[in-house]
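# Summary of the model geometry
Listed here are the chains, written in short residue letters.
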Amino acid sequence: MIFSFFLTLVSGISLMILVLTVSLLLIGGENVLYDIQGTDASLFAPYRRFLAGRCSDRCPPPLLYASCLCLLMIFLFIPMGSFPQFVETDGDFIVIVFLLLASQGLYIRGMKVFSGEIYQSFDTKELFVLSKFAVTLIAVGGTLSWYALNRGMPGSIFSLETFTATSIWTVTGMWGKMGSAAFLLLLFAASPSRGVTKTRIVDNVQIPEIFDAIRSTLAPAMIVSFFFPARLGLALGLIGFKMYLVDFVSVWFRVMLVQIVLAPLAAKLFNKARDKSPERPGHLPEMIIGASGIIFYMLDLYM
């Protein structure tokens, strides 16, 4: 019993360390591709700063560490290819939204304590980007859960495993696919990825960069789970360790493509189209796209 608990604990910590490592490498790629401003925006600079443990003249308060931990814990609920979720409950979506909002609150409070000057320099949209993503996830996850319930999809309706085991594209008709496309665009637009938010590097302050790195990878991982859940190893007829390895690498390759290429490109096109409006529409375009996605899914169910 004790050994099993210890093994589970070590496995969970190992997964979170892996996610942190990949996130730092991916955000380095975003720094290079999207000309993020800062002292050192090279590909491996975030990872080198992490290894060096540089965190300015004084260490950040525990609140900032807790905010990063909340984000890392969300990955325990995200399936990695043929691997099941590390943690599964009957209300995964609810737990994920709670962790998002908790992380946001802890980060804001922690930054106020750590440095009022740095906190004041942040843009409001940058500070509350996770809240925007959480609201988007409630709309998308709630609709997909309702759809899964009425379509009789196997698995818990509030679990990401349900949508990785059965691709939403295979069970929807024309209206449902249009709804999926709308939700995909909505998630791209709400993505906290650095290529979308253009977050600058805070010189010599390590924890905000770690938070930004994990935050940037979170939305692409969720998008891949919802809409690009292909299991390559299984499709190639592999079994055992080879299947798990190929699927695991395939998942992270898709996350990389979404984070570095698809999300910034889609968000750029979306923002450019919104900025052409003679009036400032605020969040109206996102609300219209979200409502359209919900309507399309309802039409797919009841027509």
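Residues numbered from 1 in each chain as written. Predicted model: local features only at pLDDT ≥ 70, side-chain atom pairs only at ≥ 80, totals over all residues. Heavy atoms only, no water.

### So, the environment of Ser-42
Mapped onto the elements, Ser-42 comes out in the loop between helix H1 (2-33) and helix H2 (45-52). Residue Ser-42 is classed as partly exposed on the basis of its relative accessible area, which comes to 26%. Counting along the chain gives 15 residues from Ser-42 to Ile-27, while the straight-line C-alpha distance between them is 9.8 Å. Residues in contact with Ser-42, not counting those within four places in the same chain, are Gly-28, Asn-31, Val-32 and Arg-48. (Helix = DSSP H or I, 4+ residues; strand = E, 2+ residues; numbered from the N terminus. Buried < 20%, exposed > 50% of the residue type's maximum accessible area, 1.4 Å probe, protein only. Contact = heavy atoms within 4.5 Å.)

### Some thoughts on the nonpolar core
Counting 75 residues, the largest nonpolar core has Phe-75, Leu-100, Met-222 and Phe-226 as the members making the most contacts within it. In terms of residues, this core owes the most to one element, helix H12 (residues 206-227), which gives twelve residues. Beyond its immediate sequence surroundings of up to four residues, Leu-100 is in contact with Leu-71, Ile-74, Leu-130, Phe-133, Ala-134, Leu-137 and Leu-218. (Core = buried A, V, L, I, M, F, W, Y, C linked by side-chain atoms within 4.5 Å.)

### A look at the state of the cysteines
Inspection of the entire model under this criterion finds zero disulfides. We note that Cys-70 lacks a disulfide partner, and the nearest cysteine sulfur, in Cys-68, lies 9.3 Å from it. For Cys-70, a relative accessible area of 11% gives the class buried. (Disulfide = S-S within 2.5 Å.)

### As for the packing of aromatic side chains
Counting across every chain of the model gives ten aromatic pairs. With a centroid separation of 5.7 Å and 45° between ring planes, the pair formed by Phe-93 and Phe-226 is classed as tilted. On the criterion of sequence distance, the pair formed by Phe-93 in helix H4 (residues 92-114) and Phe-226 in helix H12 is long-range, its members being 133 residues apart. The class of Phe-93 is buried, set by a relative accessible area of 7%. Judged by relative accessible area, which is 0%, Phe-226 ranks as buried. On the basis of an interplanar angle of 20° and a centroid distance of 5.8 Å, the ring pair of Trp-175 and Phe-296 is categorised as stacked. Taken together, the residues span a long stretch of sequence, with Trp-175 in helix H10 (residues 174-190) and Phe-296 in helix H15 (residues 284-302) at a distance of 121 residues. (Phe/Tyr/Trp six-rings, centres within 6.5 Å; stacked < 30°, edge-to-face > 60°.)

Honestly, that's just the spatial picture; any functional story needs more than this.
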